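Observations on the three-dimensional arrangement
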Amino acid sequence: MEYKTQIKHFIELLIICAAAISIANGELEKSSSSLKSCKLHDPENSECLTNQWQQILISGINDVPGFKWISVDPYTAKRITLDVHSPALNVTAEFKKVVVTGLKNATIENVSIDNGETFILDMKVPKLHFKGNYIIKGTILLLKLDGKGPFTVDYVDLQVRFVINSKLVSKDSEQFFDIKSVKTDVKHIGLVHVKFDNVFGDNQSLTDSANDLFNQNWSSFLEILRPILIEGTEGILVEQGNKYISKLPARILFSDL
């Protein structure tokens with residue numbers, strides 16, 4: 001599986017959070033009493049951008065006229081799919097009603113801009129907890145998988161870099177950042193812990209052994225575990241980002257536009 005597909009679910013969280021400013025009245029006033037503007041063309045703007053994105057994505061904005069900030073912790077993803085084929089793994093899985101918590105404790109460590117339209121964002125998350133229902137079929141290490149039921153996955157000590165490519169466009173005498181694509185790099189995962197019920201149907205002993213095997217050797221199973229974190233989110237980042245960020249005039253973010 002290509003690595004870029006291995007961050008999608010986590011970025012789904014990011015983009016809903018990045019879009020965490022929603023229009024309340026349909027009109028945006030020019031003043032902002034809480035969201036500090038940065039300077040787009042200032043080479044020393046990294047600290048300002050980092051604080052700004054921390055506020056927009058994580059800590060929240062409560063008094064920007066015309067906007068209501070909405071937290072996405074917890075966040076529910078309707079559906080995640082997984083399709084992994086390798087010599088040791090041949091797995092197809094579907095995850096539904098996945099509830100994710102923990103993003104409220106994330107820290108934006110650094111934000112920079114390249115060419116005025118590409119945002120490079122480094123984020124650290126102490127822990128993300130996923131729970132929901134799954135269906136899985138296939139083989140792993142020659143063992144047949146045919147299970148369904150509830151699951152939980154915990155990702156601990158995450159460090160992720162997002163490269164968000166946007167284009168500054170004009171509309172109705174305003175400028176907006178239109179998100180075009182996202183590239184993601186998982187820099188570090190400190191630990192993964194899983195619990196899948198009924199992995200081998202009614203064979204509880206084999207299911208318990210499989211969970212123990214996963215947790216004792218989680219780094220060897222990242223082909224399966226990473227996609228749960230990432231599936232679907234690069235496209236959602238573009239879709240959801242444009243749904244909200246395209247309505248936020250660039251002058252609100254940058255005083256030199």
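Whatever comes next refers back to the structure up there.
One structure accompanies this document, and this report is about it. Just so it is clear, the structure is predicted and the values come from calculations on it, not from any experiment.

Some words on the pattern of salt bridges
The tally for this structure, following the rule as stated, stands at 8 salt bridges. The partner of Glu94 in a salt bridge is Lys96, with the nearest N and O atoms 3.9 Å apart. The exposure class assigned to Lys96 is partly exposed, which follows from its relative accessible area of 40%. We note a salt bridge from Lys180 to Asp178, for which the minimum N-O separation is 2.9 Å. Judged by its relative accessible area of 18%, Asp178 falls in the buried class. It is possible to trace a salt-bridge network through shared partners that takes in Arg79, Glu94 and Lys96.

Overview of the pairing of strand β6 (residues 118-140)
Across 11 bridges, the pairing between strand β4 (residues 89-101) and β6 is antiparallel. Among the inter-strand pairings, Val91 is bridged to a residue of β6, identified as Gly138. Pairing of strand β5 (residues 107-114) with β6 involves 7 bridges; the strand directions are antiparallel. The partner of Ile113 across the bridge, within β6, is Phe119. Connecting β5 to the antiparallel partner β6 that follows it, the hairpin turn spans 3 residues, and Asn115 within it adopts a positive phi of roughly 60°. Bridge count between β6 and strand β7 (residues 143-171): 22 bridges; the pairing is antiparallel. Residue pairing for β7: Asn133 is matched across the bridge by Pro150. Two successive antiparallel strands, β6 and β7, enclose a turn made up of 2 residues, where Leu141 displays a positive phi of approximately 50°.

Here's the deal with the environment of Leu222
Relative to the elements of secondary structure, Leu222 occurs in helix α4 (residues 222-230). Residue classification places Leu222 among the buried residues on the basis of a relative accessible area of 15%. The spacing of Leu222 and Ile189 is 33 residues in sequence and 9.9 Å in space, taken between C-alpha atoms. Leave out the neighbours within four places in its chain, and Leu222 touches Val192 and Pro227.

Looking at the packing of aromatic side chains
Pairs of aromatic rings are described using the distance from one ring centre to the other and the angle between the two planes. By the definition in use, this model includes 10 aromatic pairs. Centre to centre, the rings of Phe119 and Phe177 are 5.3 Å apart; their planes meet at 80°, and the pair counts as edge-to-face. Here Phe119, found in strand β6, pairs with Phe177, found in strand β8 (residues 174-196); they are 58 residues apart in sequence, far enough to count as distant. Accessibility expressed as a relative area gives 4% for Phe119, which makes it buried. Relative to Phe196, the ring of Phe151 has its centre 5.5 Å away and its plane inclined at 10°; by these criteria the two rings are stacked. One end of the pair, Phe151, is in strand β7; the other, Phe196, is in strand β8, with 45 residues separating them in the sequence. Phe196 matches Phe151 in its accessibility class, with the two residues each being buried. Through pairs of rings, three or more aromatic residues link up here, namely Trp53, Phe119, Phe177 and Phe254.

Notes on the environment of Leu213
Looking at where Leu213 falls in the secondary structure, it is placed in helix α3 (residues 204-216). Given a relative accessible area of 32%, Leu213 falls into the partly exposed group. Those residues in contact with Leu213 that sit more than four places away from it in its chain are Leu141 and Phe221.

Observations concerning the state of the cysteines
Using the criterion set out here, one finds 1 disulfide in the structure. Paired by a disulfide, Cys38 and Cys48 hold their sulfur atoms 2.1 Å apart. Residues Cys38 and Cys48 are joined by a disulfide whose S-S torsion is about -95°; by sign, that bridge is left-handed. With Cys38 in the loop between β1 (21-23) and α2 (46-59) and Cys48 in helix α2, the pair connects residues that are 10 residues apart, well separated along the chain. Judged by relative accessible area, Cys38 falls into the buried class, the value being 1%. Residue classification places Cys48 among the partly exposed positions, given a relative accessible area of 21%.

Thoughts on the nonpolar core
One finds Trp53, Phe95, Met123, Phe130, Val192 and Phe254 to be the most contacted residues of the largest nonpolar core, which totals 65 residues. Element by element, the count of residues in this core is highest for β6, at 9 residues.

Rules used in this analysis
Residues numbered from 1 in each chain as written. Predicted model: local features only at pLDDT ≥ 70, side-chain atom pairs only at ≥ 80, totals over all residues. Heavy atoms only, no water. Salt bridge = Lys/Arg side-chain N within 4 Å of Asp/Glu carboxyl O. Buried < 20%, exposed > 50% of the residue type's maximum accessible area, 1.4 Å probe, protein only. Pairing = 2+ DSSP bridges. Helix = DSSP H or I, 4+ residues; strand = E, 2+ residues; numbered from the N terminus. Contact = heavy atoms within 4.5 Å. Phe/Tyr/Trp six-rings, centres within 6.5 Å; stacked < 30°, edge-to-face > 60°. Disulfide = S-S within 2.5 Å. Core = buried A, V, L, I, M, F, W, Y, C linked by side-chain atoms within 4.5 Å.

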